[in-house]
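# Examining the three-dimensional arrangement
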Amino acid sequence: MRRYLIRRLIQAVAMLFVMSIVFFLLIHAIPGGPDRVLFNPKLPPSVRLQLRHQFGLDQPLYVQYWNWLTQVLHGNFGYSFVDNQPVMSDVGARVGATVELFVVGMLFALVIAVLLGVLSAVRQYSITDYIVTLVAYFGISMPVFFFGLVLQEIFAVKLGWFPDIGRASLDQSGFTPLQVFEDYALHLVLPVAMFSLLFIAVWSRFLRSSMLDVVKQDYIRTARAKGLSPRAVFFRHALRNSLIPLITQVAIDFGGIAAGAVITEGIFAWPGLGRLFLSSLTDLDYPVILAMLIFITASVIIANLIADLLYGVVDPRIRYS
Amino acid sequence: MAMIQSSPVSPPAPIELTPELTRKRRSQFEIIRDRFLRNKAALVGLIVLTLMVLAAIFAPLIDPHDPNAYNIALQTAPPSAQFPLGNDDLGRDELARLLYGARTSLLIGVTSMLVMLVVGVTFGAAAGFFGGWVDAVLMRITDAFLAIPYLIWLFTVGAIFSDGSVKSIVILIAVFSWANAARIVRGEFLALKEREFLLAARTLGASDLRLIFRHILPNAIGPITVIATLYVGFNIISESILSFFGFGLQPPTSSWGTMLNNSDAYITSDPLLVWAPGIAILITVLCVNLIGDGLRDALDPYMTER
């Protein structure tokens, strides 16, 4: 098990290196290069040369990459072109918001997806199943951001039940913790609803088919024949074994979840990493773009690794050499 | 040990050709077609999608106004007799924009799917069929593309390289979606490679090319068609997401995505501008998904009728 872990970690680091080179080349491959963004086009050529030298842009690419890499390994991702702050501090300020959205969103999506999937499987071909399937189809076909806009318009603007953007409205002082909590919670509702829709749709369908497959297995029949109550059979055997493939599916979907978070943050002006990424793209703020890409790649790799390990823990048939 | 008697064998009696023996058998295509058509949801999807395509093609006949003609006096006007869906933020005819936008969105969806399919199937087939180092190399390349989420790639490369034309969006979407298609096709080829009929053909001396095109590919067409159909919807959504965030099509090219981008600011004052393109996308993709699922069910040899 440990050897497997080490091997995977080495693979992960190698992949990260390769992708960092790819991203670095990507950013420097644009016609005009970083010059286009950094420098006022009306600059006299001499000043431009001086600035290029200052930013290290006149050195060969591999030197630039090496400089960037050594800095990154010290935790320094450079300075944002937009606000001249260290990239790390920009990122650090926003991590909390994204984690909040992510964790709450994923938990919510998982719980609802499992509930709906189980309901659908247990009452196969009934009206309930039909309705859940219909909702799932809509969820899959709906452009995610449109759903967010609709939610915003109906529930925030028209009905006024929830705030339409941002993470919190109250300033930190002068309110009880309960009020602050309520504020945060209210702000979370719509973004989480939008964020989780697609995955609830996909995962509930997935769990449904997974459960239907499991229930046909012989060991379920044996459990019932042994005299185990339907409820015990369900919780001890059927549910557990249906959840295992879901873990793999969630890991595969992690990339989509990250992208969904980016879109959600864009629509609801959520002050997180996704929003930072979007604005860095619009402004062509290269240090930040590079840092975010590395961050996202690392997250995807880690998520896959965790999923593989979880799989090994949950399924006793799997042994890692 | 039995003695083999050589006895004269008389020719068999002539077979009576009853209607049962001579009736026309349904071809495989017809069987699949009929199964598909029996799926009501898929049928509805097909009809509605056809109507949408026709509406897009005959847009000038349905709404004679120019979708790009703006008229500031009519800014965000509500629906009227002359403009059934009202006017957008620049006074342009919303219905006309919807119809012409359909052309762009559908075109992008289908074209990018075709490009993606060609590349993806080639890569996947080569990797799956030849195996060995070919597979390893091709899969490494595919893995690099799959290392970060598809939408993140789209946003990044779109923001940096795209010039806002239909062509660059099509290429962009195709470039980053073929990896997934290649992987699926590879899986199909790997599975089909082990089947007996392939061993038989190979034993009979069939060349690699013949094996691929005459034997494996026809059997893989099923899942490939399903992927193709579903990806049309997926690509339409991708294009609209890109355009909505400003990384996709730039004016004057317009699609449903750009319409959503423009109308976002007016969500409170004139929500129709948001609903119209959004519902259009939703219905189109829903139809495409219904058709795709219908095809998948019709092509599935293990599906039992219920």
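Model, not experiment: these values are computed from the prediction.

What chain A contains, in helices and strands, is twelve helices and zero strands. Helices and strands in chain A line up, N terminus first, as α-α-α-α-α-α-α-α-α-α-α-α. Projected onto its principal axes, the C-alpha positions of chain A cover 85 × 55 × 40 Å. The proportion of buried residues among the 321 residues of chain A is 30%.

Quick look at the overall build of chain B now. Scanning chain B for helices and strands turns up twelve helices and zero strands. Each helix (α) and strand (β) of chain B, taken in turn from the N terminus, gives the series α-α-α-α-α-α-α-α-α-α-α-α. Over its C-alpha atoms chain B spans a radius of gyration of 26 Å, topping by over 25% the 19 Å that the globule rule assigns to 306 residues. Taking the principal axes of its C-alpha atoms as reference, chain B extends roughly 105 × 55 × 30 Å.

Residue and element names in this part refer to chain A. A positive phi angle, near 70°, is found at Tyr125, a position not held by glycine. Residue placement: Tyr125 occurs in the loop between helix H5 (87-122) and helix H6 (127-141). Looking at Tyr125, the number of C-beta atoms within 10 Å reads 10, which means it is exposed. One non-glycine residue with positive phi stands out, namely Ala269, at about 50°. Structurally, Ala269 can be placed in the loop between helix H10 (230-267) and helix H11 (273-283). Classification of Ala269 by C-beta neighbours within 10 Å gives partly exposed; the count is 13.

Next up on the list: the environment of Gly166(A). Among the secondary structure elements, Gly166(A) is positioned in the loop between helix H7 (144-158) and helix H8 (177-215). Along the chain, Gly166(A) and Gly272(A) lie 106 residues apart, while their C-alpha atoms are 9.8 Å from each other.

What follows covers the environment of Gly274(A). Residues and elements named next belong to chain A. Relative to the helices and strands, Gly274 resides in helix H11. Taking the C-alpha atoms as reference points, Gly274 and Ala97, 177 residues apart in sequence, are found 9.8 Å from one another. The contact partners of Gly274, leaving out residues within four places of it in the chain, are Thr98, Ala261, Val262, Glu265 and Gly266.

Okay, the interface of chain B and chain A next. Contacts between the two partners involve 32 residues from chain B and, on the opposite side, 30 residues from chain A. At the level of secondary structure, the elements contributing two or more residues to the side of chain B that touches chain A comprise helix H7 (150-161), helix H10 (208-244) and helix H12 (272-299) of chain B. Looking at which element gives the most residues to the side of chain B that touches chain A, the answer is H7(B), with eight residues. Class assignment of the residues belonging to the side of chain B that touches chain A gives a composition of 24 nonpolar, seven polar and one charged.

All names here are of chain A. Taken domain by domain, chain A consists of domain 1 (2-73) and domain 2 (95-314). One C-alpha centre belongs to domain 1, the other to domain 2; they are set 34 Å apart. Tallied by class, residues from the side of domain 1 that touches domain 2 come to nine nonpolar, one polar and one charged.

Residues and elements named next belong to chain B. Closest axis-to-axis distance for the helix H6 (residues 132-146)/helix H8 (residues 166-193) pair is 9 Å, and the angle between their directions is 130°. In this view, H6 runs oblique relative to H8, as classed from their interaxial angle. Of the two elements, H6 crosses H8, and the hand of that crossing is left-handed. Contacts between H6 and H8 involve Thr142, Phe145 and Leu146 from the first element and Phe176, Ala179, Ala182 and Arg183 from the second. Here the contact of H6 with H8 is composed, by residue class, of five nonpolar, one polar and one charged.

A pair of packed helices is characterised by two quantities: the angle between their axes and the separation of those axes. All names here are of chain A. It is at 8 Å that the axes of H5 and H6 come closest, and there the two elements cross at 140°. Taken together, H5 and H6 sit at an angle that is classed as oblique. The way H5 lies across H6 gives a crossing that is left-handed. Taken together, the residues of H6 that come into contact with H5 (itself represented by Leu116, Leu119 and Ser120) are Thr128, Asp129, Val132 and Thr133. Its residues assigned to classes, the contact of H5 with H6 comprises three nonpolar, three polar and one charged.

Across chain A, the average pLDDT comes to 82, with 92% of residues at 70 or higher. Put simply, helix H2 (residues 35-38) of chain A is where chain A has its lowest mean pLDDT, 61, and H5(A) is where it has its highest, 89.

Residues and elements named next belong to chain B. Considering every residue of chain B, the mean pLDDT works out to 84; 96% of them sit at 70 or more. Put simply, helix H1 (residues 19-22) is where chain B has its lowest mean pLDDT, 76, and helix H3 (residues 40-57) is where it has its highest, 91. We note a pTM of 0.84 for the whole complex and an ipTM of 0.83 for its interfaces.

Helical geometry note: an α-helix holds 3.6 residues per turn, so side chains three or four residues apart project in the same direction. Here H8(A) contains 39 residues, and its C-alpha end-to-end distance of 47 Å is more than 12% below the 57 Å for a straight helix at 1.5 Å per residue. Considering bend angle alone, the principal kink of H8(A) is centred on Ser196(A) and spans about 40°.

Analysis parameters
- Residues numbered from 1 in each chain as written.
- Chains lettered and ligands numbered in written order.
- Predicted model: local features only at pLDDT ≥ 70, side-chain atom pairs only at ≥ 80, totals over all residues.
- Helix = DSSP H or I, 4+ residues; strand = E, 2+ residues; numbered from the N terminus.
- Buried ≥ 20, exposed ≤ 12 C-beta atoms within 10 Å, placed from the backbone.
- Rg over C-alpha atoms; globule rule 2.2 N^0.38 Å.
- Contact = placed C-beta atoms within 7 Å.
- Nonpolar A, V, L, I, M, F, W, Y, C, P; charged D, E, K, R; others polar.
- Domains from an automatic or database assignment.
- Axes fitted to C-alpha atoms, helices over the stretch in contact; angles between N-to-C directions.
- Parallel < 35°, antiparallel > 145°, perpendicular 65-115°, else oblique.
- Left-handed = near helix turned anticlockwise from the far one by under 90°.
- pLDDT = per-residue confidence, 0-100.
- Expected span 1.5 Å × (residues − 1).
- Bend = angle between axes of the 7 residues up to and from the residue.

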